[in-house]
Amino acid sequence: MKIVISGFYGFGNTGDEAILKAIIDNLRTELPNSAITVFSFSPEQTAKTYGVKSIYRGWRRHNKKKIRALRNADLLVSGGGGLLQDAYPTRFLFGPLPYYLLIVFLAKLCRTKIMFFSQGIGPVDTTWGKILMKTFANMADFITVRDEHSKQLLRQLGVTKPETVVTADIVFAFQHKEDDACINSLPLRGNEQLVAVSVRPWFHHRDYYEKIAKALDWLVELESITPIFVPMEGHHDVNASEQVVSQMVYGSSCHILGPNFTPNQYLHFISHCRLTIGMRLHSLIFSALAGIPHIGLSYDRKVESLLKRSGMWDYSFRLEDIDVTKLVDNARYMLRHRESFSRIIRQNTEQMRRDALENIRLLKEKFFKE
């Protein structure tokens, strides 16, 4: 059986690489004879890292290889992650939405089955984006989405032909291994109260840098925390982290992890922390997997949806509504009642792990019945 995987792979985004690893590892567990090809921006690196075939994903080259791979495949797995959205500029043929749906169209022309896998849908606000979704997303044979909002949005966009099932982000089925590379890279004494912090740039918004900086200063002063910034997307998040640290009084108490650790290494580091304050969706998913209390700073509906499922939404904030005093109070409360929060998170995460594995079970049931 031959499977092609299409997603935001090979760009150095930790969340997306965690998605890819979780898909590949679990496919190999359930379908050990499967031959996997990944469309990637960095095909040589992807092939070496995951032991798969990999083809350059862009349209500048290897188009015949992509078509040949789709023609020979039994299934195109489109996902996971937030692929189908037009938050970023969407033109006639350029942008995430046209790209991923064109891959779907090519698969349909090649008579290859198509599964939208563990996807988070939206936002899709432009007229052109809505036309593309209604025209091409209905070509899928089966869809799993990681939250109820995504399912409802598909219906609103007129995507009604394929069956759609709500599961969970496939990273909840991540096969975690011990690896202390991150923590060993830091100049720590060993008795610090570590708090993981994940920040990212978000279009023209900048005022949240100052708010996060103030909150961390208070926590350093009141709780003697050591903030450790976890850059989930390379230099983009390193730059955002540096912006926060530069506005802190106690910036010298902070550390920024290097940007080139693996998803497993970042996940294992977060498991050593007392608390996470995070923007990136997968920094919060990693925290949930490790049973770490987390406060989310939601810039997108997908983050809010995750926080509601993990049980942490009541202690979190929309990005535009951050209240520094309340953020500090919530963090201090979580630090003092950490074990009770961990129990809640572990219970909720176990259900999401089962839901995540449903993605694999349903793929096998729908497309590879024995």
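The coordinates are above.
Just so we're clear, the structure is a prediction, and the values are computed from it rather than from any experiment.

A. Representation of the packing of helix 4 (residues 96-109) against helix 5 (residues 127-136) within the structure. Following both chains from N to C, one finds helix 4 and helix 5 inclined at 15°, their axes separated by 10 Å at the closest point. If you check the angle between helix 4 and helix 5, you find them roughly parallel. The hand of the helix 4/helix 5 crossing is left-handed. Residue-level inspection shows Leu97, Pro98, Leu101, Val104 and Phe105 of helix 4 in contact with helix 5, the latter providing Gly129, Leu132, Met133 and Phe136. Grouping the amino acids of the contact of helix 4 with helix 5 by side-chain chemistry returns eight nonpolar, one polar and no charged.

B. Structural context of the sheet that holds strand 3 (residues 53-56). Spatial strand order, 3-2-1-4-5-6-7: seven strands in an open sheet with parallel pairing. Strands at the two margins of the open sheet, each flanked by one partner only, are strand 3 and strand 7 (163-166). The sheet shows a mean angle of 20° between the axes of neighbouring strands, taken without regard to direction. Pairing of strand 1 (residues 2-6) with strand 2 (residues 35-40), which is carried by five bridges, proceeds in the parallel orientation. Within strand 2, the position partnered with isoleucine 5 by the bridge is valine 38. Along the sheet face, helix 2 (residues 43-50) touches strand 2 and strand 3 and points at about 165° away from the line of strand 3.

C. Main features of the pairing of strand 9 (residues 225-229). Across the five residues that make up strand 9, a large majority, five, are buried. The side-chain alternation of strand 9 yields two buried faces, one formed by Ile225, Pro227 and Phe229 and the other by Thr226 and Ile228. Following the backbone out of strand 8 (residues 193-198), through helix 8 (residues 207-223) and into the adjacent parallel strand 9, one traces a crossover that is right-handed. By the bridge criterion, two bridges tie strand 9 to strand 10 (residues 255-256) in an arrangement that is parallel. Opposite phenylalanine 229, over in strand 10, you have isoleucine 256 as the bridge partner. With helix 9 (residues 234-246) bridging strand 9 and the parallel strand 10, this β-α-β connection has right-handed handedness.

D. Region of the structure containing the packing of aromatic side chains. Enumeration over the complete set of coordinates arrives at 13 aromatic pairs. Ring plane angle 55° and centroid distance 5.5 Å describe the contact between tryptophan 59 and tyrosine 99, whose orientation is recorded as tilted. Within this pair, whereas tryptophan 59 is found in the loop between strand 3 and helix 3 (63-72), its partner tyrosine 99 is found in helix 4, the two being separated by 40 residues in sequence. Both rings, one in tyrosine 315 and one in phenylalanine 341, keep their centres 5.0 Å apart while their planes meet at 85°; by these two values the pair is edge-to-face. Placement of the pair is tyrosine 315 in the loop between helix 12 (301-310) and strand 13 (317-318) and phenylalanine 341 in helix 14 (residues 338-367), with a sequence separation of 26 residues. On the accessibility criterion, tyrosine 315 (24% relative accessible area) is partly exposed. You can call phenylalanine 341 buried: its relative accessible area is 4%. Linked through ring pairs, Phe8, Phe11, Phe41 and Tyr56 together constitute an aromatic cluster. Above the ring of tyrosine 56, the side-chain terminus of arginine 61 is found at 3.9 Å from the ring centroid. The lysine or arginine in question, arginine 200, covers the ring of tyrosine 299, its NZ or CZ lying 4.8 Å from the ring centre.

E. Spotlight on the packing of helix 8 against helix 9. Following both chains from N to C, one finds helix 8 and helix 9 inclined at 60°, their axes separated by 8 Å at the closest point. In terms of their interaxial angle, helix 8 and helix 9 are classed as oblique. Helix 9 is crossed by helix 8, and the crossing has right-handed handedness. Counting all contacts with helix 8, which are made through Tyr209, Ile212, Ala213 and Leu216, the residues of helix 9 involved are Ala240, Gln243 and Val244. Residue classes in the contact of helix 8 with helix 9 are distributed as six nonpolar, one polar and no charged.

Conventions we followed
Residues numbered from 1 in each chain as written. Predicted model: local features only at pLDDT ≥ 70, side-chain atom pairs only at ≥ 80, totals over all residues. Heavy atoms only, no water. Axes fitted to C-alpha atoms, helices over the stretch in contact; angles between N-to-C directions. Helix = DSSP H or I, 4+ residues; strand = E, 2+ residues; numbered from the N terminus. Parallel < 35°, antiparallel > 145°, perpendicular 65-115°, else oblique. Left-handed = near helix turned anticlockwise from the far one by under 90°. Contact = heavy atoms within 4.5 Å. Nonpolar A, V, L, I, M, F, W, Y, C, P; charged D, E, K, R; others polar. Pairing = 2+ DSSP bridges. Buried < 20%, exposed > 50% of the residue type's maximum accessible area, 1.4 Å probe, protein only. Right-handed = clockwise from strand over helix to strand, strands pointing away. Phe/Tyr/Trp six-rings, centres within 6.5 Å; stacked < 30°, edge-to-face > 60°. Lys NZ or Arg CZ within 6 Å of the ring centre and 35° of its normal.

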